[in-house]
Amino acid sequence: MSEDLLKKITAHCKEYGFVFPTTEIYDGPGAVYDYGPMGCALKNNIRRYWWESMVEAHENIVGIDSAILMHPTTWKASGHVDAFNDPLIDNKDSKKRYRADTLIEDHLARLEEKIEKEVEKARKRFGSQFDEALFRSTNARILELQSRREAVHKKFKEALEKNDLEALRALILEEEITCPVSGTRNWTEVRQFNLMFATQLGSLSDDSLTLYLRPETAQGIFVNFLNVQKSSRLKVPFGIAQVGKAFRNEIVARQFIFRMREFEQMEMQFFVRPGTEEEWYDYWKTRRMEWHRRLGLGTDLHRFHDHEKLAHYAKAACDIEFRFPMGFKELEGIHSRTDFDLKNHQEYSGKKMSYFDPDLNESYIPYVIETSIGLDRMFLAVMTAAFHEEKLPDGTERTVLHIHPALAPVKFAVLPLVPKDGMDTLARRIFDDLRRQAPGQYDEKDSIGRRYRRQDALGTPFCFTVDSQTLQDGTVTVRHRDSMAQERIPAEQTKAFLEEHTSLRSLVWSR
Ligand code: GAP
């Protein structure tokens, strides 16, 4: 995988109506994107897959939709005003700004890559005789790289834990990390930068109030914790889920929809008895990985990664990382947030946030396990796994999106082989009947081969072709996107066929 692949996916997303850079005609603000017809449909399907799996498939999880603008004290209590910062560094020659921690992480990834390259070279050289474990533990070059990587990693971790900005800078200089644009090591100091967008409520300067666009959806859940618990008569353990926009003034915002300034989160806070948080943390790690794997994106594309530095609210935290075109990166976070948020809201608001546990006959502030995934990042993960340029046996090429049929924006297309002799009328009739069940397209323009290519590029899993045989025996050809195999089925079975192969509900419940 490579940056080149990311460029291809970005171009494909624009050409076929998945994702456009926002306000493009004015060279709009960077790192903000609009979703086109195909993208909007795919995004809705991913959102539904998450919502049905998290809310509808759990009796003890309910959903809410809270406001983006919240009282500003929320963000004082949550710690975001004081601690939601990125350490930034500028290169004086290129005038480019970077996150200091990201520069070091990329450097560590490069050291790791060098090690893997040495191993691969040796594997080729020794062939079937190759003993990888022995090579890794004895080869001088590997041992040197390994010990350098470990030393950098140790210093990096310590600097992050102590929030030591000077140590971060020293490490960048020591490791001779250069600016990717100017290639120089002419760095400024490292400074903290708060990521929240501020705005004013009220028109008069003396009665106006500074509000923040929420940087995470989680706080809307915490402040409503008792409203939801009481109105839904929930008993701990229970969860509250929400999908919604979040905003972060990301300074280093690159890599398409991976890091955006306006994005959507799908978050669930699970409230548990204090003392049981470790077992629930493990439970949700397992369940969330299952959710990803059920989509069959690829066996080696996900991994867990424990956080180097815990967020200000967390007791334990890990990421589910995905192999994006630019390497393994965070896709979802699972955090053991203790009672940090509820306790602070109780303190700052003066309102009780405790829960009365009827089974224990006592009140306490529950502990929280959070699962938090970016909808846009999940979209990019689906696209990354789906996008393929394939050489076909006849020497031609096709670009195809192997999107899971349950997530595909268009589930089927109905194509008359030629738009005449009654094939078009019959194909239209079949299409009008099928579209009541699932989103589809009718297409009669160009050769059948070109029409298949168009549907491949959208990720349409099935095409139903109406030909002269259909007029005689009522069967249509089903053309499968992934294998390109064709089979005939009676036209009246197409509804059942789609239900069997594209149902989101079946995917959600196929545990
Ligand atoms: N409530 C916890 C929280 O917000 P986070 O790790 O900062 O935790 C959770 O964010 C998820 O939101 C990330 O795993 C990622 O998928 C997504 N996310 C965070 N920042 C993002 C950005 N700038 N653009 C797109 N997605 C982002």
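The rules behind these values
- Residues numbered from 1 in each chain as written.
- Predicted model: local features only at pLDDT ≥ 70, side-chain atom pairs only at ≥ 80, totals over all residues.
- Heavy atoms only, no water.
- Domains from an automatic or database assignment.
- Contact = heavy atoms within 4.5 Å.
- Buried area = accessible area lost by both parts, 1.4 Å probe.
- Salt bridge = Lys/Arg side-chain N within 4 Å of Asp/Glu carboxyl O.
- Polar contact = N/O pair within 3.5 Å; in protein donor to acceptor, adjacent residues only side chain to side chain.
- Nonpolar A, V, L, I, M, F, W, Y, C, P; charged D, E, K, R; others polar.
- Helix = DSSP H or I, 4+ residues; strand = E, 2+ residues; numbered from the N terminus.
- Buried < 20%, exposed > 50% of the residue type's maximum accessible area, 1.4 Å probe, protein only.

1. Here we look at the domain arrangement of the protein
Parsing the protein into structural domains produces domain 1 (39-70 + 214-391), domain 2 (85-194) and domain 3 (393-509). Using only C-alpha atoms to locate each centre, domain 1 and domain 2 end up separated by 30 Å. Of the residues lining the interface, 9 residues belong to domain 1; the matching set on domain 2 comes to 12 residues. Here domain 1 meets domain 2 over a buried area of about 920 Å², counting both sides, of which 56% is carbon and sulfur. Sorting the residues of domain 1 by area buried against domain 2 places Ile-251, Glu-308 and Lys-309 first, and these three jointly supply 60% of that buried surface. The interface formed by domain 1 and domain 2 includes 1 salt bridge. A salt bridge links Lys-329 to Asp-106; the shortest N-O distance between them is 3.9 Å. Linking domain 1 with domain 2 are 0 residue pairs in polar contact (both at pLDDT 80 or more). Across the side of domain 1 that touches domain 2, the residue classes break down as 2 nonpolar, 1 polar and 6 charged.

2. Details of unusual backbone geometry
With omega at 5°, the peptide bond leading from Val-236 into Pro-237 counts as cis. Among the secondary structure elements, Pro-237 is positioned in the loop between α10 (225-231) and β9 (238-247). Positive phi outside glycine occurs at Lys-95, with the angle close to 65°. Of note, Lys-95 is situated in the loop between β4 (85-90) and β5 (97-99). On the basis of relative accessibility, which here comes to 66%, the residue Lys-95 falls in the exposed class. Of note, the phi angle at Phe-256 is positive, near 55°, even though the residue is not glycine.

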